[in-house]
Structures are given as structure tokens and as C-alpha cells.
Amino acid sequence: MQTLNNLSRSLIALEPASTLIAVIEMSLSSWLVAGIVPGIERQPLKKLAVDESALVRLLHRWREEAEKAGCRIERIVVAFEAGRDGFWLARWLKARSIEAHVIHAASVAVSREHRRAKTDRLDAELLKRAFLGWLRGERNHCKVVAIPTLKDEDAKRPSRERESLVGEQSRIVNRMKAALIRLGIRGFNPKLKRAAGRLDSLRTPEGEPIPPNTLAELRRDMERRRLISNQIRQIEEARLKHFEHAPNDGPHAMVRLLARVIGVGIETADMLVHEVLSRNMHDRRAIARYAGLTGSPDESGRKRREKGLARSGNGRVRRGMVQLAWRFLTYQKGSALAQWYRARTENARGARKPMIVALARKLLIALWRFVWQGVVPDGVVLRLAQ
């Protein structure tokens, strides 16, 4: 049974007289800590080096000051924006009995002036104001993200590394093809195993061989592409070994179940499970919002228009689902979702691309119900269980 997250507001009653509140404006070189200390009129502001131990000492010093002022501190709450530092500090603070929250940076409202003042001190004040509203249980002040465990974060690395390597491999191949076309050489595939041995025999339309510097560059690019291909293969083999060693592990069982859908491969299933489907979502709307597959309406008075995708969610899930939606139309032609798409695009000119996003949203919701509730989408063909 999944435990649902409710991070839109705090469910714990705020007791201002016994709660020490601190927010951190983080940068690469320093942390600016702004606090609200019970019993003290001033709201302290302290700049620290990037040192978690110094942060804890500062919080304990503020607690002692509050207790000297006659306020017993029973709760210490710390918040900072999600960014380059990830979630390690939140886990580190929680291990020391300090309540820590990570705020979605784009959810904090800022001034819409063309040239607004922006300093670490002002940003810390904005963050403190938004976090106070969240602690009071009021909605729409800011959005707090779920803090993953170190194991959950590490499980995403193979899929993300593979995506990065595939993109790098494509860039290298495109660069080699562009170098050859610049010399007038076409029809040569640099991805073949014997491509490196054929470089010396290539000739330009003038009958000249490839210039020496360009030839050396092509050989280095082929060597890089070969190294990247080997690394991609190692990632895929390591993933399959993990599935064999622990086939019924929570995420692995989801991946195996999702891969039974014809048209969904191991790579796509692994990405979807670790990026979105293993998360505890409230409903189908939360799933669509997290993937960034919802619209962004612009309504004012009589004006009604749609600005397109919000693109505020997980970009990997969004790109993967759009690609999967196109494949789904090929491999699951008899499914209800594929028939729904064809019925709305058969006679509608220019509707295929907008409707493929709607299909991707519906498909993601259907796959979420499939892995959590066991509801097979209508008409979807499954592979035999292994």
C-alpha cells in the first residue's frame, strides 16, 4: 500500500513560541542563514562558509539564546531551495534530529518588476516569508519537494548516464559526418566496425585524400565513439545483472511488469519507474503535472488561449513519454488509446503533434495505474510473464 505525500502545506501545527525557524540561501562559496528565534526581537542573519557543522553550531547557539529569553525550543526547522547541492544536507540534518525541507525554487513568488533588486539577503527574506506561510498550513506559498534516499538517487544514475552517453555519441557521429560532407564525401557510415580502416581509401570529388589534420580528427572521434559505445554496453549489462539477482525487488518488479507491454523496452521501463512511477503520487493530475504534460492556459477577461505545455516537470519523463507515444501507435494499434488518437486526428489537419502530447499524458496515467493497481489498459497486448 503506497503512502501518499502531502507536501503542499505543513500538517504539523506551528507553535511560534517553541519553534526555531531557519532558511539557507546557498551558493558555491557560502551559505547565508536567516533565522526566526523565539523571544528575540531581531531576526538574525549570518553568513557561513560551506560547512554543515558550522550550521549546526549556529542553530544550537540560537536555541540557547531563545532559552535565555525564556522560550523553550522543542522544534528546529530548516529549509533551503533545491539546486546544485541536491538533498545531502537535508538527509544530514534529519539524521541529527533537525527537521529539514527542500523548497522548489520556481515556486517562490518574486517581484515582477523589470529590474528588481536581487541579493542573497533579499532572496533569504523571500524564502523565509514563503516558508513561514507553508509552516502555517497555508497553500500556494511555496512547494516542498520529497527528499529521496541515497539509494533512490543512486538508482537513477544508470539511466541518466546512459542518456548522456547516447547524446554524446550522436554528437560525435554528427560531427564526423559534417567533416566528411564539408570535403564532399557522402554515403560513408562512420559507425561501422571497419570504418576506421576505410578512411585512407576515401577520396574527395577532386580525387584528393582526406587532409592529414582532418584524418587525425576523424580517427580520434571514432576512438571516442567506440569508448562511449562500450560504456553504454556496460551500463546495460550491469542493469540486466541487477534484475537477475533481485527480480522481485520493489523497483525491479515494476520494471519487469512494465516491460511486458509490447513497445516498452527495458530502458524506457527503467527510466519511467525510477523517475516517476515509483513516486507516491496523489492522483492522475499529479502524475501529469510531474511529467510536465499539462497545458498552460492564459485567460483574462474575454481572452482565452493556450500557451502550450507547461514544461515545469521532469524533462526526461516528458521526452520519453512523447517518444513512447509514437511507438505505442505502431506496436499497440488495437488498443483503446491508439484508436482514440486516430479518431481525433484522422480528418483534423495539423492535429497530430498536439494530440500526441495528449496521448502521452493518457498513456502515462494508464501505465501508472497498471503498475500500482494492476489495471491493464484496454486493448493493450502484453508479453508472456517470464
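Once a new chain begins, its residue numbering starts again from 1 and follows that chain's sequence as written. This being a predicted model, a pLDDT of at least 70 is required before a residue's local features are given, and a value of 80 or more before pairs of side-chain atoms are given or counted; all residues contribute to the totals for chains, interfaces and linings. Excluded from the side-chain calculation are hydrogens and water; included are all heavy atoms of the structure.

## Notes on the overall build of the protein
Assigned secondary structure in the protein consists of 13 helices and eight strands. The globule rule is 2.2 Å times the number of residues to the power 0.38, and the radius of gyration it is compared with is taken over C-alpha atoms. Taken against the 2.2 N^0.38 rule, which gives 21 Å for 386 residues, the C-alpha radius of gyration of the protein at 27 Å runs more than 25% over that of a compact globule. If one aligns the C-alpha atoms of the protein with their principal axes, the spans along those axes are about 90 × 55 × 55 Å. Pairs of residues are marked as contacts when any of their non-hydrogen atoms sit within 4.5 Å. Long-range pairs, those at least 24 residues apart, make up 59% of the contacts in the protein between residues at least 6 apart in sequence. For the accessible areas, the method is Shrake-Rupley and the probe is 1.4 Å, while residue cover comes only from the protein chains on display. Put simply, the protein shows about 22,900 Å² of open surface, and 49% of that area lies on carbon and sulfur atoms. The average position of the 73 basic charges and that of the 42 acidic charges among the side chains of the protein differ by 7 Å. Numbering goes from the N terminus for both helices and strands, where a helix is a DSSP run of H or I of at least four residues and a strand is a run of E of at least two. Under this rule, positive means Lys or Arg and negative means Asp or Glu; His and the chain ends count for nothing. Charge coordinates come from a single atom per side chain, which is NZ of Lys, CZ of Arg, CG of Asp or CD of Glu.

## Things to note about the pattern of salt bridges
Throughout this description, the term salt bridge denotes a Lys or Arg side-chain nitrogen within 4 Å of a carboxyl oxygen of Asp or Glu. By the definition in use, this model includes 20 salt bridges. Close ionic contact of Arg-219 with Asp-200 constitutes a salt bridge, the shortest N to O distance being 2.8 Å. Residue Arg-219 is located in helix α7 (residues 212-245), and its partner Asp-200 is located in the loop between α6 (195-198) and α7; the two are separated by 19 residues in the primary sequence. Think of it in three bands: with a 1.4 Å probe and only protein chains considered, a residue is buried below 20% of the maximum accessible area for its type, exposed above 50%, and partly exposed in between. Note on Asp-200: relative accessible area 47%, which makes it partly exposed. Here Asp-298 ties to Arg-305 by a salt bridge, and the two come within 3.0 Å at their closest N and O atoms. Residue class for Asp-298 comes out buried when judged on its relative accessible area of 17%. Here Arg-305 falls in the partly exposed class, since its relative accessible area comes to 45%. Where salt bridges share partners, they join Arg-162, Glu-236, Arg-239, Glu-267 and Asp-270 into one cluster.

## What to know about the packing of helix α12 (residues 336-345) against helix α13 (residues 352-373)
In the contact formed by α12 and α13, the axes pass within 10 Å of each other and the chain directions differ by 160°. Between α12 and α13, the angle is such that the two are roughly antiparallel. Where α12 crosses over α13, the two elements pack in a sense that is right-handed. Contact residues: α12 offers Leu-337, Trp-340, Tyr-341, Arg-344 and Thr-345, while α13 offers Arg-352, Met-355, Ile-356, Ala-358, Leu-359, Lys-362, Leu-363 and Ala-366. Here the residues of the contact of α12 with α13 sort into nine nonpolar, one polar and three charged. Here the axes come from fitting lines to C-alpha atoms, over the contacting stretch only for helices, and the angles between their N-to-C directions go from 0 to 180 degrees. Oblique is the label for any angle not covered by the other classes, which are roughly parallel (under 35 degrees), roughly antiparallel (over 145) and roughly perpendicular (65 to 115). The crossing is said to be left-handed when, going from far helix to near helix, the turn is anticlockwise and less than a right angle, and right-handed when the turn is clockwise. Under the convention adopted here, Pro, Cys and the residues Ala, Val, Leu, Ile, Met, Phe, Trp and Tyr are nonpolar, Asp, Glu, Lys and Arg are charged, and Gly plus all remaining residues are polar.

## Let's talk about the nonpolar core
With 44 residues, the main nonpolar core has Leu-258, Leu-272, Met-321 and Leu-364 as its most contacted residues. Within the residue set of this core, elements represented by two or more residues are α8 (250-258), α9 (266-277), α10 (284-291), α11 (315-331), α12 and α13. Top contributing element to this core by residue count: α13, with 14 residues. Grouped together as the second largest cluster of nonpolar side chains are 25 residues, Trp-31, Leu-59, Phe-80 and Ala-100 included. Only buried residues count toward a nonpolar core, which is a set of Ala, Val, Leu, Ile, Met, Phe, Trp, Tyr and Cys residues joined through side-chain atoms within 4.5 Å.

## Here's the deal with the pairing of strand β5 (residues 99-103)
Among the five residues that make up β5, four are buried, leaving the element largely enclosed by the rest of the structure. Here, a strand pair is defined by DSSP locating no fewer than two bridges between the strands. With five bridges joining them, strand β4 (residues 75-81) and β5 adopt parallel strand pairing. Note on β5: the bridge partner recorded for Phe-80 is Val-102. Of the strand pairs in this sheet, β5 and strand β6 (residues 144-145) are connected by two bridges, and their pairing is antiparallel.

## What about the environment of Ala-17?
Along the chain, Ala-17 turns up in the segment before β1 (19-26). Between the alpha carbons of Ala-17 and Glu-206 there is a distance of 85 Å; along the sequence they are 189 residues apart. Beyond its immediate chain neighbours, meaning those up to four positions away, Ala-17 contacts Pro-38, Cys-71 and Arg-72.

## Some thoughts on α11
Multiplying one less than the number of residues by 1.5 Å gives the expected span of a helix. End to end, α11 covers 24 Å across 17 residues, agreeing with the expected 24 Å (1.5 Å per residue, within 8%). Those residues of α11 that are buried are in contact with α9, α10, β8 (303-309), α12 and α13. Polar contacts, as used here, are pairs of N or O atoms within 3.5 Å; protein pairs need one atom able to donate a hydrogen and one able to accept it. Residues neighboring in sequence count only if both atoms are side-chain atoms. The distance from a side-chain oxygen at the start of α11 to the backbone nitrogen of Arg-316 is 3.0 Å, and the residue carrying that oxygen is Asn-314.

## Observations regarding the pairing of strand β2 (residues 30-36)
Counted residue by residue, β2 has seven buried out of seven residues, so it is predominantly covered. Of the two faces of β2, the one carrying Ser-30, Leu-32, Ala-34 and Ile-36 and the one carrying Trp-31, Val-33 and Gly-35 are both buried. Note: β1 against β2, six bridges, orientation antiparallel. Residue pairing in the sheet places Met-26 in a bridge with Trp-31 of β2. Two successive antiparallel strands, β1 and β2, enclose a turn made up of three residues. As judged from the five bridges shared by β2 and strand β3 (residues 45-49), these two strands associate in the antiparallel manner. Counterpart to Ser-30 in the pairing with β3 is Ala-49.

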